[in-house]
Amino acid sequence: MSSNRFDPSRTLPAESEGIARQRIRVTFRMLGSLLLGGVAIMGSVLVFRQGLLPLIDTVFQPGPAWLSVFRRAGIILVAIVGYWAYVHWHERRKATELQLQPVPLILGGVGGAALVALPIAMLFAFGAYELVLFRGASPALLGVAAFIGIAATLEELVHRCLLFRLLERAWGTVVALAVQAVLFALPHLENVAHGGPGDIVAMLISVTVLGLLWGGLFVLTRNLWVVAANHAAWNFTIFLSGVPLSGIEDWRAVAPLESRYAGPDWLTGGMFGPESSLLVIVSATVVVVLLLRAARRRGAFLKPAA
């Protein structure tokens, strides 16, 4: 009888091996879907820029100003169409994350502006930033706003709608949030290429927190436009204050305010701007915790596929 008695430990190696194989299959399936989705988005943009846009210029000759408008509007339009096509034909579902929700969108934009405006105002009050000149509004602000809005929407489409969502489906919400936040931060290394180790470390921490912020907002809302509005409003508010935006100095000459640093880098953010300020990092981290707690209470966290 003892020789026929069931021993649970005998099944453990086989079960573990089966789970490991399942996880590998899920991961490879996720990577394949990620590659296909990336091709759908970036391929659509490439076809538009290299094919359709030159054709529009040749046939209609709209002039530099209107051609720039067509280029910006066309890029965001074809990117969204490419993503929709990927979801429709590959995932075989409705792209509910692309639904336009006006009220949440407005709240997302207001929240993004307020979230960074408050610590920037405190930095001015502390004397870490000093106002040098007030230029006021100019027509160039519309062009900058359009560029920031398009860039923010493309980043959210790629990093949250595609990358995060596929990672979440395979590995669960918690792991996906961490991975996509780090992958969101790494491309920004180019913006501090001439900085020291302190600038690089501060940037990686700050942008990783921002990746968690917008990832958490996506988990809570499951809507591209809400997160893109929050992201764009955050960036545009920094631009308006006259300090560097993510290490970019190009637009400071047309900002309504001309400002300068008058404090240490850990407070001002140094060459990367206020996003690397300790004050902004702490305040954004608090909001991340609140967002993720709210999302968990709503049952918005997903478990791994394997």
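Everything below is about the structure shown above.
The following refers to the structure shown.

Reading the values: the criteria
- Residues numbered from 1 in each chain as written.
- Predicted model: local features only at pLDDT ≥ 70, side-chain atom pairs only at ≥ 80, totals over all residues.
- Heavy atoms only, no water.
- Helix = DSSP H or I, 4+ residues; strand = E, 2+ residues; numbered from the N terminus.
- Buried < 20%, exposed > 50% of the residue type's maximum accessible area, 1.4 Å probe, protein only.
- Contact = heavy atoms within 4.5 Å.
- Areas by Shrake-Rupley, 256 points an atom, 1.4 Å probe, with all protein chains shown as cover.
- Lys, Arg positive; Asp, Glu negative; His and termini not counted.
- Charge placed at Lys NZ, Arg CZ, Asp CG, Glu CD.
- Axes fitted to C-alpha atoms, helices over the stretch in contact; angles between N-to-C directions.
- Parallel < 35°, antiparallel > 145°, perpendicular 65-115°, else oblique.
- Left-handed = near helix turned anticlockwise from the far one by under 90°.
- Nonpolar A, V, L, I, M, F, W, Y, C, P; charged D, E, K, R; others polar.
- Patch = residues over 30% accessible without salt bridge, like charges linked within 9 Å, V, L, I, M, F, W, Y side chains within 5 Å.
- Salt bridge = Lys/Arg side-chain N within 4 Å of Asp/Glu carboxyl O.
- Expected span 1.5 Å × (residues − 1).
- Phe/Tyr/Trp six-rings, centres within 6.5 Å; stacked < 30°, edge-to-face > 60°.
- Lys NZ or Arg CZ within 6 Å of the ring centre and 35° of its normal.
- Core = buried A, V, L, I, M, F, W, Y, C linked by side-chain atoms within 4.5 Å.

## Points about the overall build of the protein
Counting its secondary structure elements, the protein contains nine helices and two strands. Taken from N to C terminus, the helices and strands of the protein fall in the order α-α-α-β-α-α-α-α-β-α-α. Over its C-alpha atoms, taken along the principal directions, the protein stretches across nearly 90 × 55 × 40 Å. Relative to its full complement of 306 residues, the protein shows a buried share of 40%. Once local pairs closer than 6 in sequence are excluded, the contacts in the protein between residues at least 24 apart make up 75%. Of the roughly 16200 Å² of accessible surface on the protein, 69% is carried by carbon and sulfur atoms. Here the protein holds 24 positive side-chain charges and 17 negative ones, and the gap between their average locations is 13 Å.

## Focus: the environment of V286
When you line up the elements, V286 lands in helix α9 (residues 278–297). Given the relative accessible area of 47%, V286 is considered partly exposed. Once the C-alpha coordinates of V286 and L213 are considered, the two residues, 73 residues apart in sequence, prove to be 9.6 Å apart.

## Remarks on the packing of helix α4 (residues 140–171) against helix α7 (residues 224–240)
With their axes 8 Å apart at the nearest point, α4 and α7 run at an angle of 135° to one another. By the angle class used here, α4 and α7 are oblique. As α4 runs across α7, the sense of the crossing is right-handed. Only L224, W225, V227, A228, H231, A232, N235, F236, F239 and L240 of α7 make contact with α4, whose side of the interface consists of L141, V144, A145, I148, G149, A152, T153, E155, E156, L157 and C161. Broken down by class, the residue content of the contact of α4 with α7 amounts to 15 nonpolar, four polar and two charged.

## Overview of the packing of helix α6 (residues 197–221) against α9
The contact between α6 and α9 brings their axes to 9 Å, and the two run at 25°. Here α6 lies roughly parallel to α9, going by the angle between them. The handedness of the crossing between α6 and α9 comes out as left-handed. Where α6 abuts α9, its residues A202, I205, S206, V209, L212, L213, G216, L217, V219 and L220 lie against I281, A284, T285, V287, V288, L291, L292, A294 and A295. Considering only residue class, the contact of α6 with α9 consists of 16 nonpolar, three polar and no charged.

## Focus on a nonpolar patch on the surface
On the surface, W266, L278, V282, V286 and L290 cluster together to form a nonpolar patch covering roughly 500 Å² of accessible area. It is α9 that contributes the most residues to the nonpolar patch, four residues altogether.

## As for α7
When the terminal C-alpha atoms of α7 are compared, their 24 Å separation across 17 residues agrees well with the 24 Å that a helix rising 1.5 Å per residue should span. Extensive coverage of α7 is indicated by the burial of 15 of its 17 residues. Within two residues after α7, G242 carries a phi angle of roughly 85°, on the positive side.

## Topic: the packing of aromatic side chains
Applying the stated criterion to the full structure yields eleven aromatic pairs. Between the aromatic rings of F124 and Y129, the centroid separation amounts to 5.5 Å while the plane-to-plane angle is 75°, which identifies the pairing as edge-to-face. Residue classification places F124 among the partly exposed residues on the basis of a relative accessible area of 25%. Between Y129 and Y261, the aromatic rings sit 5.5 Å apart at their centres with planes inclined by 25°, giving stacked as the arrangement. Of this pair, Y129 sits in strand β1 (residues 129–134) while Y261 is found in strand β2 (residues 257–261), placing the two residues 132 residues apart along the sequence. Members of the aromatic cluster, connected to one another through ring pairs, are F147, F236, F239 and W251. Sitting above the plane of the F184 ring, R160 keeps its charged end 4.5 Å from the centroid.

## Quick word on the nonpolar core
Residues Y83, L98, L157, L213, W214, W234 and I238 are the most contacted members of the largest nonpolar core, which totals 72 residues. Where this core is concerned, the elements lending two or more residues are α1 (12–60), α2 (64–91), α3 (102–126), α4, α5 (173–185), α6, α7 and α9. Residues in contact with I238, not counting those within four places in the same chain, are V116, I120, V243, P244, L245, P274 and E275.

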